[in-house]
Amino acid sequence: MNKANENGVEYQVENDGGLIHSPEFEETTIATLLTSYQSIVDTLDILSEDCFHNSVYREIYLAIMQVYNHGDSPDMLLVSDQLEKNGSTISRSEIIKLAVESMKVFDLRSHALILRDIAYRRKLWIIGYELMNKAADKTEPVISIHSSAKEKIDSLFEDSNSDVITLKDSYKQLQERMLLNRDLADGETYGTPTGFPELDRNGGLCGTDLIVIGAESSKGKTSFATALSISAIEHGDGVGFYSMEMDPVQLTARIASMKTGISASDILFNRLSIDQIYHIDSVMESFDTGKMYFDDRSTLSLDSILNSIRQLKFKYGIKGAVVDYLQLLNAKQSGLNIEQLRAECARRLKNLAKELGIWIIAISQLNRNDFGDIPTMARLRDSGQIAEAADNVLLLHRTNKSYPAPFDGVPTEGTSMVIIGKGRNIGTGEFICGFKPENTLFFPIPPEEMKSMKGGLLLPDDNQFKPLNDDPF
């Protein structure tokens, strides 16, 4: 018989022993899942084991999801191994034949929606069959028959609506957040601490947030993101770091330089004294280096980076990731201009942060400026929509001239201004931090030191953070 799903797409189903199903759609779906990691991600919110009437396909689907939930990319061999662990009789040759010879599709969501639709119909058929039998039994009270049928029909769609909550449910979560904040010790923050009080007093790096760090070339974007990552690791949070410009050894040398005060170029290229080597070893051994993860295989391609971040989240429970930088990412979207591509990259990073409950830092270049050297969100290179996708935008301003008011009395040598151009939940503003160019190290300046600088008493409450306008987004 022919049916149409919720999108109006027609499909054919069979009635095998009374149970509605579509063997062709089940086979195509499993074959696609075995050969496309992205298809698994695209259908996470749709497919379940109930979507497969065929017991073989159901077993394979469960094995695929087990491999995926372990943080690996399911392929024919890994799925076959998982089936063997599960005690399945499905052979490796059957898996390979299914993946190689069966039809596959590029966009699996429409097929997944059809399978879900069929699964609902199958369950309704079963409920209807049970209702018919109970109705024919005169010993069964009518009210009991009605209650049982209603309960089963109502529960049928509970799973599909599991992400829908009421304001009452959300307020309970907010109450928990408020009580948790109340129990925080002085200096603690709800999210991942950054080491900069001006950011930490507003939650630090919070899960689901996309944070864009923008600056002109060679102004320290990567270094600032690295400083935030070091703070996260010192707090015990894992971080994935994806750089399109530096390899892991270069990044590690930069971290060692930040931690020890020895320049990264000396660490990489010059002969160090044995005392310097011992010092670096001692510092790095006291630092939880196992909490930062590099995946050089996944650079340049946005899809590979997104998949790698998912795997790091599932395997190691990372709390955040750094992508350096947006303008070097390649996204597979035909027909889009450069502005649309950058916007798509930012949106997908934001969606991933929300999906996994982690924070993601995306570094962005700024366009050349002919109207003064103070960075603004309007100068984010290639697309103004980058700022729209971001929760927070941090702009770095290093200059050999002078800072704008109220920081015009603060020396620019050895310092940097951090401008919070957008703060979805924290507001906007700016603050001054320290910067050591020989170690590319950004660090907070204690209020006492700020007072000793010329014009350093910035606000009556000794707070460097100066709130600006309300968040425009």
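Just above sits the structure.
Residues numbered from 1 in each chain as written. Predicted model: local features only at pLDDT ≥ 70, side-chain atom pairs only at ≥ 80, totals over all residues. Heavy atoms only, no water.

1. A closer look at unusual backbone geometry
Glycine aside, a negative phi is what most residues show, and trans is what most peptide bonds show.
Then, number 1: Geometrically, the link from Ala405 to Pro406 is a cis peptide bond, its omega value of 10 degrees lying close to zero.
Then, number 2: Structurally, the position occupied by Pro406 is in the loop between strand S10 (392–397) and strand S11 (415–423).
Then, number 3: A positive phi angle, close to 85 degrees, is found at Thr208, a residue other than glycine.
Then, number 4: Locating Thr208 in the fold gives a position in the loop between helix H9 (197–200) and strand S5 (210–215).
Then, number 5: Although it is not a glycine, Thr440 sits at a positive phi angle of roughly 45 degrees.
Then, number 6: Inspection of the secondary structure assignment puts Thr440 in the loop between strand S12 (429–436) and strand S13 (441–443). (Helix = DSSP H or I, 4+ residues; strand = E, 2+ residues; numbered from the N terminus.)

2. Digging into the packing of aromatic side chains
Then, number 1: For the structure shown, the criterion picks out nine aromatic pairs.
Then, number 2: Their ring planes at 45 degrees and their centres at 5.7 Å tell us that Tyr37 and Tyr68 sit as a pair that is tilted. With Tyr37 in helix H2 (residues 37–42) and Tyr68 in helix H3 (residues 55–69), this residue pair connects regions lying 31 residues apart in the sequence. Both residues of the pair, Tyr37 and Tyr68, belong to the buried class.
Then, number 3: Centre to centre, the rings of Tyr68 and Phe314 are 5.2 Å apart; their planes meet at 65 degrees, and the pair counts as edge-to-face. Remark: Phe314 occurs in helix H14 (residues 302–316) and Tyr68 occurs in helix H3; sequence separation between them is 246 residues.
Then, number 4: Exposure remark for Tyr68: the relative accessible area of 1% places this residue in the buried category.
Then, number 5: Chaining the aromatic ring pairs together yields one cluster made of Phe196, Phe224, Phe431, Phe435 and Phe442. (Phe/Tyr/Trp six-rings, centres within 6.5 Å; stacked < 30°, edge-to-face > 60°. Buried < 20%, exposed > 50% of the residue type's maximum accessible area, 1.4 Å probe, protein only.)

3. Thoughts on the pairing of strand S8 (residues 320–324)
Along a regular strand, successive side chains alternate from one face of the sheet to the other.
Then, number 1: With respect to burial, S8 is a largely interior element, five of its five residues being buried.
Then, number 2: In this structure, S8 lies alongside strand S9 (residues 359–365), joined through five bridges in parallel fashion. Looking at S9, one finds that Gly320 is bridged to Trp359. (Pairing = 2+ DSSP bridges.)

4. A few points about the pattern of salt bridges
Then, number 1: If you walk through the whole model with that rule in mind, you get 14 salt bridges.
Then, number 2: A salt bridge links Asp303 to Arg348; the nearest nitrogen and oxygen atoms lie 2.6 Å apart. Here the residue Asp303 occupies a position in helix H14, and Arg348 occupies one in helix H15 (residues 338–356), the gap between them amounting to 45 residues. As far as the burial class goes, Asp303 and Arg348 line up, both buried.
Then, number 3: The partner of Glu344 in a salt bridge is Arg347, and the shortest N-O contact between them spans 3.5 Å. Separated by three residues within a single helix, Glu344 and Arg347 lie in helix H15, roughly one turn from each other. (Salt bridge = Lys/Arg side-chain N within 4 Å of Asp/Glu carboxyl O.)

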